[in-house]
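# Structural characterization, general
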Amino acid sequence: MPKIIGKSLHEHRQMTRQKLFAALSTLMAERGFDTITLADIAGAADVGRTAVYNHFHDKEALLLGFITHETEQYAHTLERALDGVDHPVEQLRTYIRQQAQLTRVFHLAPGPDLRTVLSRATQARLREHAEIVESILRRIITQGIETGVFPPQDVEPTVHLVNACLSGRLIPDEPVARERTIRATETFVLRAVGARALERVPV
């Protein structure tokens, strides 16, 4: 019988899932998802292969579980960052800065784009989870239009274009270069949505 980690079976399952997620994230930073096997993930997580199958029936299910978890966690973090930020320009700045802090393992992983190696069903499920974050950006842009801060525009393509600009963007680690890149991105996106004023709004 496998050793139970944690104080209860529920905690054991949660901790095992976290180990699997961490292992997948590490492996995807090193090589393409298409070359990773469940045996690789089990080895990196230091768990038996049976433990992997107890949670996920294949590696696409594991990837979907990982992205679901990461997306939900990020959405909560983003909402907390936006709490108390009322002006649409500052909301959009906050959104951009939060996006810059993400580790884009899915966009930057070596190997083929995930969209070319995943089944259509998994791609559709991933799209559903992307909608969680997109809905926050959609709300910001809609509010900006309604308050006259952003000019009238078709919101849906604007949301996709802004996220396309931010997704997979390499942000330097060096503090000065990092801040310069983020500020340039803020200015570019605000101009793209037609923000009426680019100066920083007092908060």
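Residues numbered from 1 in each chain as written. Predicted model: local features only at pLDDT ≥ 70, side-chain atom pairs only at ≥ 80, totals over all residues. Heavy atoms only, no water.

Identification of the protein chain as TetR/AcrR family transcriptional regulator from Myceligenerans indicum is taken from an unreviewed UniProt entry.

Further remarks concern the overall build of the protein chain. Scanning the protein chain from N- to C-terminus turns up nine helices and zero strands. Its helices and strands taken in sequence order, the protein chain reads α-α-α-α-α-α-α-α-α from the N to the C terminus. Per-residue burial over the protein chain gives 40% buried out of 203 residues. For the protein chain, long-range pairs separated by at least 24 residues make up 68% of all intrachain contacts whose partners lie at least 6 apart in sequence. Entry remark: accessible area of the protein chain is about 11600 Å², with carbon and sulfur atoms responsible for 54%. (Helix = DSSP H or I, 4+ residues; strand = E, 2+ residues; numbered from the N terminus. Buried < 20%, exposed > 50% of the residue type's maximum accessible area, 1.4 Å probe, protein only. Contact = heavy atoms within 4.5 Å. Areas by Shrake-Rupley, 256 points an atom, 1.4 Å probe, with all protein chains shown as cover.)

Quick look at the side chain of Gln-98 now. Within the secondary structure layout, Gln-98 lies in helix α5 (residues 88–100). Residues within four places of Gln-98 in sequence aside, it is in contact with Tyr-74, Thr-77, Leu-78 and Ala-81.

Membership of the largest hydrophobic core comes to 24 residues, with the highest contact counts inside it found for Leu-20, Leu-24, Met-28, Phe-33, Ile-41, Leu-62 and Leu-63. Beyond its immediate chain neighbours, meaning those up to four positions away, Leu-62 contacts Leu-20, Phe-21, Leu-24, Leu-38, Ile-41 and Phe-56. Counting residues in hydrophobic clusters, the runner-up holds 23 residues, among them Tyr-74, Ile-96, Ile-141 and Ala-195. (Core = buried A, V, L, I, M, F, W, Y, C linked by side-chain atoms within 4.5 Å.)

Here the phi dihedral of Asp-46 falls at roughly 60°; this positive angle occurs in a residue that is not glycine. Note that Asp-46 resides in the loop between α2 (38–45) and α3 (49–55).

A few words on the packing of helix α1 (residues 9–30) against α2. In helix packing, the relevant descriptors are the interaxial angle and the interaxial distance, both defined with respect to the helix axes. Where α1 meets α2, the axes come as close as 8 Å, and the angle between the chain directions of the two elements is 115°. As judged from the angle between their axes, α1 and α2 are roughly perpendicular. Where α1 crosses over α2, the handedness of that crossing is right-handed. Of α2, the residues touching α1 (which contributes Lys-19, Leu-20, Ala-23, Leu-24 and Leu-27) are Asp-40, Ile-41, Ala-44 and Ala-45. (Axes fitted to C-alpha atoms, helices over the stretch in contact; angles between N-to-C directions. Parallel < 35°, antiparallel > 145°, perpendicular 65-115°, else oblique. Left-handed = near helix turned anticlockwise from the far one by under 90°.)

Per the UniProt record, "DNA-binding region" (unreviewed entry) is found at residues 37–56. Annotation note: span residues 37–56, helix share 75%, strand share 0%, distance between end C-alpha atoms 13 Å. (UniProt positions renumbered as here; feature names shortened; annotations may be inferred.)

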